[in-house]
Amino acid sequence: MKKVGIIGLGECLPEKILSNADLEKMVETSDEWITTRTGIKQRRIASENEAVSDLAIKAAREALKDAGLSAADLDLIIVATITGDMPMPSTASIVQNALSAKKAAAFDISAACAGFVYGLSIGYQFIVNGSYKNVLIIGAEKLSAFTDWKDRNTCVLFGDGAGACILSEVKSGGIASIYLGCDGSNLNLLNLPAGGSRMPASEETVRNRMHYIKMQGNELFKIAVRTMTEAAQVALEQAGITFKDVDLIVPHQANSRIIMAVAKRLGISEDKIYLNIEKYGNMSSASTITGLVEAVKEGRVKKGDTVLLDCFGGGLVWGACVINL
Ligand code: UT7
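Source: prediction; values computed, not measured.

Counting buried positions along helix H11 (residues 285-297) gives eleven out of 13 residues, so the element sits mostly inside the fold. For H11, the full list of buried residues reads Ser285, Ala286, Ser287, Thr288, Ile289, Thr290, Gly291, Leu292, Val293, Glu294 and Ala295.

This part covers the packing of aromatic side chains. Any pair of aromatic rings gets described here by the distance separating the centres and the angle formed by the planes. The tally for this structure, following the rule as stated, stands at one aromatic pair. Summarising the aromatic geometry, the rings of Phe126 and Tyr132 are spaced 5.0 Å apart at their centres and angled 45° between planes, so their arrangement reads as tilted. Residue classification places Phe126 among the partly exposed positions, given a relative accessible area of 25%.

Next up on the list: unusual backbone geometry. Residues Met88 and Pro89 are joined by a peptide bond in cis, for which omega reads 5°. Tracing the backbone through its elements, the reader meets Pro89 in the loop between strand E4 (76-80) and helix H4 (91-99). Cis geometry marks the peptide bond from Gly315 to Leu316, where omega comes out at -15°. Tracing the backbone through its elements, the reader meets Leu316 in the loop between strand E12 (306-313) and strand E13 (317-324). Phi is positive for Ala112, which is not a glycine, with a value near 45°. Summarising the element assignment, Ala112 is placed in the loop between strand E5 (105-109) and helix H5 (115-128). For Ala112, a relative accessible area of 9% corresponds to the buried category. The phi torsion at Arg209 lies on the positive side, around 55°, for a residue other than glycine. Within the element layout of this structure, Arg209 appears in the loop between helix H7 (203-207) and strand E10 (214-215).

Our focus in this paragraph is the domain arrangement of the protein. Per the domain assignment, the segments making up the protein are domain 1 (4-171) and domain 2 (176-324). One C-alpha centre belongs to domain 1, the other to domain 2, and the line joining them spans 14 Å. Contacts between domain 1 and domain 2 engage 46 residues on the former and 43 residues on the latter. Taken together, domain 1 and domain 2 are joined by three salt bridges. Its salt-bridge partner being Asp148, residue Arg209 comes within 2.7 Å of it at the nearest N-O pair.

The next thing to look at is the site of the ligand. For the ligand, the set of nearby residues contains 25 residues, the closest of which are Thr29, Arg37, Asn218, Asn255 and Asn282. Asn218 places a polar side-chain atom, nitrogen or oxygen, 2.6 Å from an oxygen atom of the ligand. Asn255 is positioned with one of its side-chain polar atoms (N or O) 2.7 Å from an oxygen atom of the ligand. Protein coverage of the free-state accessible area of the ligand, which is 950 Å², stands at 75%. At five residues, the largest contribution of residues to the shell around the ligand is made by helix H8 (residues 217-239). Grouping the constituent residues of the shell around the ligand by class yields twelve nonpolar, nine polar and four charged. Residues from two domains meet in the shell around the ligand; each of domain 1 (4-171) and domain 2 (176-324) gives at least three.

What counts as what
Residues numbered from 1 in each chain as written. Predicted model: local features only at pLDDT ≥ 70, side-chain atom pairs only at ≥ 80, totals over all residues. Heavy atoms only, no water. Buried < 20%, exposed > 50% of the residue type's maximum accessible area, 1.4 Å probe, protein only. Helix = DSSP H or I, 4+ residues; strand = E, 2+ residues; numbered from the N terminus. Phe/Tyr/Trp six-rings, centres within 6.5 Å; stacked < 30°, edge-to-face > 60°. Domains from an automatic or database assignment. Contact = heavy atoms within 4.5 Å. Salt bridge = Lys/Arg side-chain N within 4 Å of Asp/Glu carboxyl O. Near = heavy atom within 4 Å. Polar contact = N/O pair within 3.5 Å; in protein donor to acceptor, adjacent residues only side chain to side chain. Areas by Shrake-Rupley, 256 points an atom, 1.4 Å probe, with all protein chains shown as cover. Nonpolar A, V, L, I, M, F, W, Y, C, P; charged D, E, K, R; others polar.

The structure is reproduced here in structure tokens:
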């Protein structure tokens, strides 16, 4: 069996910072509430003329450089996003064109906050079965474009950003296991109701603010803790290792209280958990991959270390992956 691993990493975080103090001026909230309930202090917001593909392209270029590859070496581009530039064409097509990755096939996947791990699993299969050599996987979101800035329940949570990796055959280490799951019966807990074929855009949908993300956070919280705990356990079991063998856990960053509750259930010490929610908020599919990129940049993990990615989001969907860097 081929070994498949990450050979390059990149990220792009927009320059503009929106702090909790800024939000205090926009809705009835407080730095104290946001910090204690979520762990978020600030988030990045893309500019008006920046689409999600712009963030994705910058992250992709950094990952290519890190891998020492050119865009011509890419066989496939997968963009995990729920905030694509437009419904058609795919954001991946826009990225492919911008990079001049002429021989690369390209498509988007929609798996919300688990999108990056879903993307990893697809790229992994293509390399293992010999179809492709180098696959670019991007998790990118411009959630600010779909955030209701009048709804304090959601607008304090999200941020924009992109992370990317190049998957290739490696001599040692690589992906040891990937576990994916879905429970479509709870799709009402986190969704964006209008703009699709179920509820096409109309004056009424705009008037009723249906083009924004809706969340029943409290209910979601409990399911997130339970599901992320189970997903981590399954991925480790499939990899044939235990938490003692893991150097760092990079979880989806929806809420630091969710992450710490998962850590407690699993009996893991806090120093084994990577958090960037304080700086970036919840960036859906971009959270886990930018977490991994920054953990490497900060020296929290190095080549040869074992990392567990663990995500959960709207769908409901989840995914966990054990990878040796
Ligand atoms: O990324 C995909 C997965 N996402 C998740 O898993 C998110 C999971 N959920 C959460 O992270 C949390 O549930 C939230 C952060 C969304 C909310 O925290 P909570 O502790 O569950 O608060 P709550 O929704 O139970 O609301 C408690 C109170 C309410 O007031 P009342 O009804 O008790 O008077 C809310 O209206 O807090 C109020 N509230 C706020 N107050 C100040 C809600 N949002 C705010 C706010 N500022 N921004």
